[in-house]
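# What the coordinates show
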Amino acid sequence: MNSLRRMLDVLSLFKPEQAVIDVELICSQLGYAPASAYRYVRELSDVGLLVRLPRGYALGPRVIELDRLMTEYHPLLSSSRDLTQHLVEQTGLSVLISELYGSTVISIYHQPGANVDPLNFGRGRPMDLFRSATSRVILAYLLPRQLRKIFDAHTDHPGVQRIGGDWKVFSKTMLQIRKQGFCISVGELDPEKTGLAAPIFDEKQRILGSITLVGPSERFAAFNQEFLANLVVGAAASITAHISAA
């Protein structure tokens, strides 16, 4: 692992229950020598990604600056704001725009619907690839070799077991999602909430992320599922076209 990757891995230590880190923690959790840990926190602090506090280091102001730039100018978001607003107006459901991030999926935008209850997995909270329509519709469109590699690495994962305990069943489920062009899940992340997601692709038709309608299952039941699926699939296609044209 090169030194740049090792330095950036320091940022992966931040969690809700671990908002402040120090050199001792970096050494114990990442296995770094103290000299390396001190150098990494110094360099990250110099560019504003960390800030020194009495008890250690917290995320720095540069993170907020990057978040604002992403929120206002990210191509995926700038090409989808009008569409997400229109979906909310048509359905009263919330809309999520999510991206693939390593072996997880993270929502980068949340347009609230009529229901004001917070989502357990709203903007900024990562979710695994096997749980929820938001994630599985992305998983289904990975390249076959990527999909097999992920399956082999997570065979015992509860989410994989729910989808299919062996490769044949698992891959067949992924194929079914690709054939219908969307994925739907009920109560997997939020009790009594349903999600319906469609894939978003980049200019080379590689899976980039997903768009999800999510809200109370009771409200979902008031609509024809085909109607909602057409809305989401159409919005995903429009966002993909905008990205390709950018």
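Here the structure is a predicted model, which is why all the values come from computation and not from measurement.

Glancing now at the packing of helix α8 (residues 144-153) against helix α10 (residues 167-180). Each pair of packed helices gets described by two things: the angle between the helix axes and the distance between those axes. The contact between α8 and α10 brings their axes to 11 Å, and the two run at 135°. Taken together, the axes of α8 and α10 lie oblique to each other. Seen from above, α8 lies across α10 with right-handed handedness. On the side of α8, the interface is formed by Leu147, Arg148 and Phe151, while α10 contributes Trp167, Phe170, Met174 and Arg178. For the contact of α8 with α10, a count of residues per class yields 5 nonpolar, no polar and 2 charged.

This brings us to the pattern of salt bridges. Pairs can form between side chains of opposite charge whenever their charged atoms are close. Under the counting rule described, the total for this entry stands at 8 salt bridges. Asp9 is the partner of Arg5 in a salt bridge, and the nearest nitrogen-oxygen pair spans 3.3 Å. Of the charged contacts in the structure, one is a salt bridge between Asp202 and Arg206, with a shortest N-O distance of 2.8 Å. Classification of Asp202 as buried rests on a relative accessible area of 10%. Where salt bridges share partners, they join Asp202, Glu203 and Arg206 into one cluster.

Tracing the sequence through the fold places Asn120 in the loop between β4 (104-111) and β5 (126-128). If we ignore the near neighbours within four places in the chain, the residues touching Asn120 are Arg125, Leu189, Asp190 and Pro191.

On to the pairing of strand β7 (residues 193-201). Both faces of the sheet carry side chains from a regular strand, because those side chains alternate between them. Burial runs high along β7: 9 of the 9 residues are buried. With 4 bridges joining them, strand β6 (residues 183-186) and β7 adopt antiparallel strand pairing. By the bridge assignment, Ile184 is partnered in β7 with Leu196. Remark: 6 residues form the turn of the hairpin made by β6 and β7, two consecutive strands paired antiparallel; Gly187 in that turn has positive phi of roughly 65°. Where β7 lies against strand β8 (residues 207-216), 9 bridges are found, and the strand directions are antiparallel. Bridged to Lys193 within β8 is Pro216. Between β7 and β8, which pair antiparallel one after the other, the connecting turn spans 5 residues, and Gln205 there sits at a positive phi close to 60°.

Procedures and definitions
- Residues numbered from 1 in each chain as written.
- Predicted model: local features only at pLDDT ≥ 70, side-chain atom pairs only at ≥ 80, totals over all residues.
- Heavy atoms only, no water.
- Axes fitted to C-alpha atoms, helices over the stretch in contact; angles between N-to-C directions.
- Helix = DSSP H or I, 4+ residues; strand = E, 2+ residues; numbered from the N terminus.
- Parallel < 35°, antiparallel > 145°, perpendicular 65-115°, else oblique.
- Left-handed = near helix turned anticlockwise from the far one by under 90°.
- Contact = heavy atoms within 4.5 Å.
- Nonpolar A, V, L, I, M, F, W, Y, C, P; charged D, E, K, R; others polar.
- Salt bridge = Lys/Arg side-chain N within 4 Å of Asp/Glu carboxyl O.
- Buried < 20%, exposed > 50% of the residue type's maximum accessible area, 1.4 Å probe, protein only.
- Pairing = 2+ DSSP bridges.

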